[in-house]
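Close look at the chain arrangement
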Amino acid sequence: MPFLEGITFTGKLADLSAYRMRGFDKIIVRRKGGPNPEHMRKGENFANVRRTMSEFGGCSRMGRHVRLGLLQLRHLSDYNFGSDINSLMRQVQLQDGTGDWGKRNIILSEHARILEGFPMNETNPTFDSVIRNPIYYTMDRATRTAQLDIPELKRSINYFPQNNHAMFRIVVTLGIVPDMAFNIQKKEYLPPAWYSPKFYSREVSTEWCPSLEGMPATTLTIATDTLPPDDQWTLMLSVGVEYGAFRENGKIKEVARYGAAKILALRGRDGSADDDLRDEETHDSDEAPVKERIKPDLPEEPAVVVREEKLYQAPEVRYVYTAKEKNVDKVDVRAYTYAMEGDKKSGCSHFYNSNTTFASSFACIMVYETITTDPMSAFETFRQLHQNEKPLVLGNAWDVHSARLFEQSGYAAVGTSSQAVAQVLGYDDGENVSFEDLLRLARRTAEVVKIPVTVDLEAGYARTADGIVENIKKLHDVGVAGINLEDTLPGTAVLRPAEEFQKQLSAITNKMEQQNIKLFINTRTDGFILGLETALEETTVRARLYEQTGVHGLFVPCMTEEKDIRTVTSTTKLPVSVMCMPMLPAFDVLGSWGLKRISMGPFAYRYVNKQAEAAMKEVLKVNSFTPFF
């Protein structure tokens, strides 16, 4: 791929086109012209290209059939793993010695082991890092059955969910993957004629279990009743851990893109997966497998649950948490009741001291006809941090590691800096980082740290209230506690009309309430950062308007004068925050002026990079690595 050197431009120049592509720091340049489609289809010079592309197309089709054998687990993946599957199918294709180049078959049934252990997660924790215990299983290709013995799972012993979802379960799929052959008559890769949707994967799962407790030892049995008429197929067994969250009326809803899954085992033809050596497989264990084959006459009602959205009816489950210091002088009790099937009820009571930031005592008892609820949410915790006499000092991170450092240093909450994050990824500030990259950073940060996480959403990564709420919901679902939302659009350096932005804020908060999205909205107004002569007047007007919309805080970066700060904090009931600047006094003084939060912006990131740059220059200056030590 050619890159532009010496000069910098993007666009068209004569017969050249220059453009940027995500993942590349340099500008890519290409010349117009080249072979036309007809030449590529029939030209002799492109014969090898056609052969290669034909085989790549076959791998892509074969990869699709593998993914259909994972149908009920694909929502647990956090990335598009199709290209990785296709690459493995290419390796299988290269083993075929019967077909000509461009027509080589993909006989997975002779090389089934190549897919065993394939992980479906790239960013989130993998299945083996969540379930840290061997899972014993047996498979029988002749009867198309499998059995899994799942050990007792206990949190922080052999079960490490690394997230805050309330419920989880183990999901198992069993499917038939056909071999792929080149059809001479139709000049394309096709599966056997018998292959149809009835050979796609089947699914069973355990009951939903509380994530804080774990799961009792369970045996799952699964079978597919369809039998292919020949031996050109592979039996594929896969397993995943799925998380669930309580929704209205006690229903448990699966959480997409937040679980973990992998391909556990495959059985090909003629003992290609070492069936002649062992009929039973042991996963990740040096112990001898359990010598128990599956009987063809399966029980009529196996102890499994076909995956569907249903009401939670688990028997008695008790959680009790108690902090070191109890204050029972004043206890605020809240109770919610979830409607269950039949006449049974389940609920939860949450007891906490209303005078403290965090819960001092929490008792959650989920028993039929007992009232229970959830512990304080990240949103509630984060909101409470804005009510203290001493301002919240927010650490602004630029990656997961820096967020972890802020937590280890004693900060009560952490937020992202849009400018710092953009520079780390090689972009300018102003929503140039894709929302998918921002969401990925937010998800991983919320997984790693235990303190509340807030995200600088800039102008919302959308221009309509619906679009912004959609992005807010995605951040909420990955565990984010708050966001910043500003009243200027990227690249404009101009305040939006106050009434227009007020209406949009009201629409956003109304839609969030309708969807039960609880997330702290810190509204940023940019009169001071833009250097307006009427910055104070503009800020007070907007503070009164924004306060009426249901947002939770007001952020005024670059406001530093005492009289300005006192004026704004006395104008609104919203907790007011500022960004660190060299002329600001000590935190306790800022608290006496009425401020409730102080953020770092990009300055911690700049300081770290300045120190690193100085050390890098010193290494070359002294001709050794001593500056690093």
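A brief structural summary. The shown structure was predicted, so the numbers you read here are calculated from the model rather than taken from an experiment. (Residues numbered from 1 in each chain as written. Predicted model: local features only at pLDDT ≥ 70, side-chain atom pairs only at ≥ 80, totals over all residues. Heavy atoms only, no water.)

A word on the pattern of salt bridges. When the charged atoms of two side chains lie near each other, side chains of opposite charge can form a pair. Counted according to the given criterion, the structure contains 25 salt bridges. With its nearest N and O atoms 3.1 Å apart, the salt bridge here joins Lys26 to Glu5. Taken as a pair, Lys26 in the loop between strand 2 (16-19) and strand 3 (28-31) and Glu5 in the segment before strand 1 (11-13) lie far apart in primary sequence, 21 residues in all. Residue Lys26 is classed as partly exposed on the basis of its relative accessible area of 44%. We classify Glu5 as exposed; its relative accessible area is 54%. Among the salt bridges present, the one from Glu470 reaches Lys474, with a minimum N-O distance of 3.8 Å. Taken together, the positions of Glu470 and Lys474, both in helix 9 (residues 465-477) and 4 residues apart, correspond to about one turn of that helix. Among the residues examined, Glu470 registers a relative accessible area of 46% and is labelled partly exposed. (Salt bridge = Lys/Arg side-chain N within 4 Å of Asp/Glu carboxyl O. Helix = DSSP H or I, 4+ residues; strand = E, 2+ residues; numbered from the N terminus. Buried < 20%, exposed > 50% of the residue type's maximum accessible area, 1.4 Å probe, protein only.)

The next thing to look at is the layout of surface pockets. Size it by volume and the second largest pocket reaches roughly 530 Å³. Forming the boundary of the second largest pocket are 34 residues, of which Ser418, Asp429, Glu486, Arg524 and Ile529 lie nearest the centre. Among the elements of the structure, strand 22 (392-397), strand 23 (414-416), helix 7 (418-424), strand 24 (453-456), strand 25 (482-486), strand 29 (597-599) and helix 14 (603-622) are those that each provide at least two residues to the lining of the second largest pocket. Top contributing element to the lining of the second largest pocket by residue count: strand 24, with 3 residues. (1 Å grid on protein atoms, 1.4 Å probe; cavity = no way out; pocket = protein on both sides within 12 Å on 5 of 7 lines; lining within 4 Å. Points joined across faces, edges and corners; volume = space filled by probe spheres on them.)

Looking now at the sheet that holds strand 2. With antiparallel pairing, 3 strands are arranged side by side in an open sheet as 1-2-3. Each end of this open sheet is capped by a strand with a single partner; those strands are strand 1 and strand 3. With direction set aside, neighbouring strand axes in the sheet form an average angle of 25°. Bridge count between strand 1 and strand 2: 3 bridges; the pairing is antiparallel. Across the sheet, the residue bridging to Lys12 is Ser17, located in strand 2. (Pairing = 2+ DSSP bridges. Axes fitted to C-alpha atoms, helices over the stretch in contact; angles between N-to-C directions.)

This part covers the sheet that holds strand 24. The sheet built from 8 strands closes into a barrel, its strands ordered 22-23-24-25-26-27-28-29 with parallel pairing. Between one strand axis and the next, the sheet turns through 25° on average, direction left out of account. Bridge count for strand 26 (residues 520-524) against strand 27 (residues 553-555) is 3 bridges, and the pairing is parallel. Bridge assignment links Asn522 to a residue of strand 27, and that residue is Gly553. Packed on one face of the sheet, helix 8 (residues 435-448) meets strand 23 and strand 24 and runs near 165° to strand 24. (Contact = heavy atoms within 4.5 Å.)

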